[in-house]
Amino acid sequence: YRDLHTFELQAPTRVIEWARGSRVCVAGYGECGGNEILQLLPPPTLQAKEAQGLCPERDFKVECGGFSKRPVYSLKHVPDTSLLVTSGPPDSSLQVWQVSAEDSDVIKPLSTITTENGTGEPWAKIATISARAPWVLHGSRLNSVQITEVELGKNVYTAASQDSEELSGLAFLDCNTLLLCSSTGRLLLTDVRQPQGPVGAVPAPPAPCGEHWFLGTCCGEQGSEPSSWPVARLSSRGLLTLTDLRKTPECLASAKARVPSAGAGAEFLCVSWAPALEGCLAVSGFDGTVHVYDTQSWDCSGREAEPVFVHKGHAFSGTGDPPLVTVHTWHPQKPRTVLSAATDGSLHVWDWVEPCGKC
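Residues numbered from 1 in each chain as written. Predicted model: local features only at pLDDT ≥ 70, side-chain atom pairs only at ≥ 80, totals over all residues. Heavy atoms only, no water.

Per an unreviewed UniProt entry, the chain goes by the name WDR73 protein and belongs to Serilophus lunatus.

So, on to empty space enclosed by the protein. Gaps between atoms show up when a probe of the same size as a water molecule is rolled over them. If you walk through the whole model with that rule in mind, you get two cavities of 30 Å³ or more. Space inside the largest cavity adds up to approximately 60 Å³. Residue lining of the largest cavity: Leu-9, Gln-10, Ala-11, Pro-12, Thr-13, Val-26, Ala-27, Gly-28, Glu-36 and Leu-38, and that is the complete set. The element that contributes the greatest number of residues to the lining of the largest cavity is strand 3 (residues 24-28), accounting for three residues. Class assignment of the residues belonging to the lining of the largest cavity gives a composition of six nonpolar, three polar and one charged. (1 Å grid on protein atoms, 1.4 Å probe; cavity = no way out; pocket = protein on both sides within 12 Å on 5 of 7 lines; lining within 4 Å. Points joined across faces, edges and corners; volume = space filled by probe spheres on them. Helix = DSSP H or I, 4+ residues; strand = E, 2+ residues; numbered from the N terminus. Nonpolar A, V, L, I, M, F, W, Y, C, P; charged D, E, K, R; others polar.)

To continue, consider the sheet that holds strand 5 (residues 61-68). Here we have four strands laid out as an open sheet, ordered 2-3-4-5, and antiparallel in their pairing. Two strands close off the open sheet at either side, each with one partner strand: strand 2 (13-18) and strand 5. Going across the sheet, the axis of each strand differs from the next one's by a mean of 20°, ignoring polarity. (Pairing = 2+ DSSP bridges. Axes fitted to C-alpha atoms, helices over the stretch in contact; angles between N-to-C directions.)

Another point: the environment of Gly-313. By secondary structure assignment, the location of Gly-313 is in the loop between strand 25 (309-311) and strand 26 (325-330). Separated by 309 residues in the primary sequence, Gly-313 and Leu-4 have C-alpha atoms spaced 9.3 Å apart.

A few words now on the pairing of strand 11 (residues 135-139). Summarising burial for strand 11: five of the five residues are buried, a large majority. Burial along strand 11 is two-sided: the residues Trp-135, Leu-137 and Gly-139 and Val-136 and His-138 are all buried. Summarising the sheet, strand 10 (residues 125-129) and strand 11 pair through five bridges and their orientation is antiparallel. Each residue of the ladder has a partner; that of Ala-127, found in strand 11, is Leu-137. Hairpin connection, strand 10 to strand 11: the antiparallel pair is bridged by five residues. Inspection of the sheet shows strand 11 paired to strand 12 (residues 146-149) by four bridges, in the antiparallel sense. The residue bridging Val-136 from the neighbouring strand is Thr-148, located in strand 12. The hairpin turn running from strand 11 into strand 12, its antiparallel successor, is six residues long. (Buried < 20%, exposed > 50% of the residue type's maximum accessible area, 1.4 Å probe, protein only.)

Spelled out as structure tokens, the structure:
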């Protein structure tokens, strides 16, 4: 490691979201209610643009917080606002929160976005954008995807799909283009200017029946076409498939992550691209580790890939059963800085050293 910070949360979290001023938002997912939503101020060394040498203050600080009556399975900051949107069981509704001003330490609930036939549906996957207005893209199934204007609670787009397959992920590629991923690994591209339905589709990767797939998208360089961004799909058996949306349905590359094939389930599986490090992605949720891979040398053979770095800090923290990593996310500007959380309530931020000839 080049640097490693740890912070113990009062309860486990499965969401880490970067908010205003490089703040970090986390939230609990307990079924009994009273789940904390916290905005943390990172250690000074993590906020500095350049290395500042030794720093006496190495801990996170709780800046403000609130409580959710329901488990928080997803949390997104709405860009250019002080709003947060969360989702979680027992239905597909969304909760909107206001992060208070500097003279207050309260994150307070503002409103609830309900969906038609949302009762009994799986919890909603969400993505946010503020290109035109503060929008949230949300849905639990392919036929329930919609965009809602966050502040007004007004529906501005509803997908026309008749497919009721469960969603595993979704994303804004830009203010007009949406990417949806089904639990079986199918990708759908939709244009909000053409609400009659999907405008493109990528079939599920070849894999054994019963695989559950998860989506990882990458922010392209400013001015690049959204269709040029690579898309990663991770299966519950550790299979990774990379897709170039300009050459669908061709496979750009595929590999097998070096993770346990039979883990604790697919609840916490996570794959994400490094926003400031070309070709690198991270995988977690199979055990107490986070694996970083350099995909630039991958082909379509599907061979097992060698990680360039493995974070094992969570696996060796605490006593009793080894914790399971619940989520990870990359720092938006610092190339090799990653945040990760685990079922024991540990929150780690780590900066890994560049291996010779890698990444």
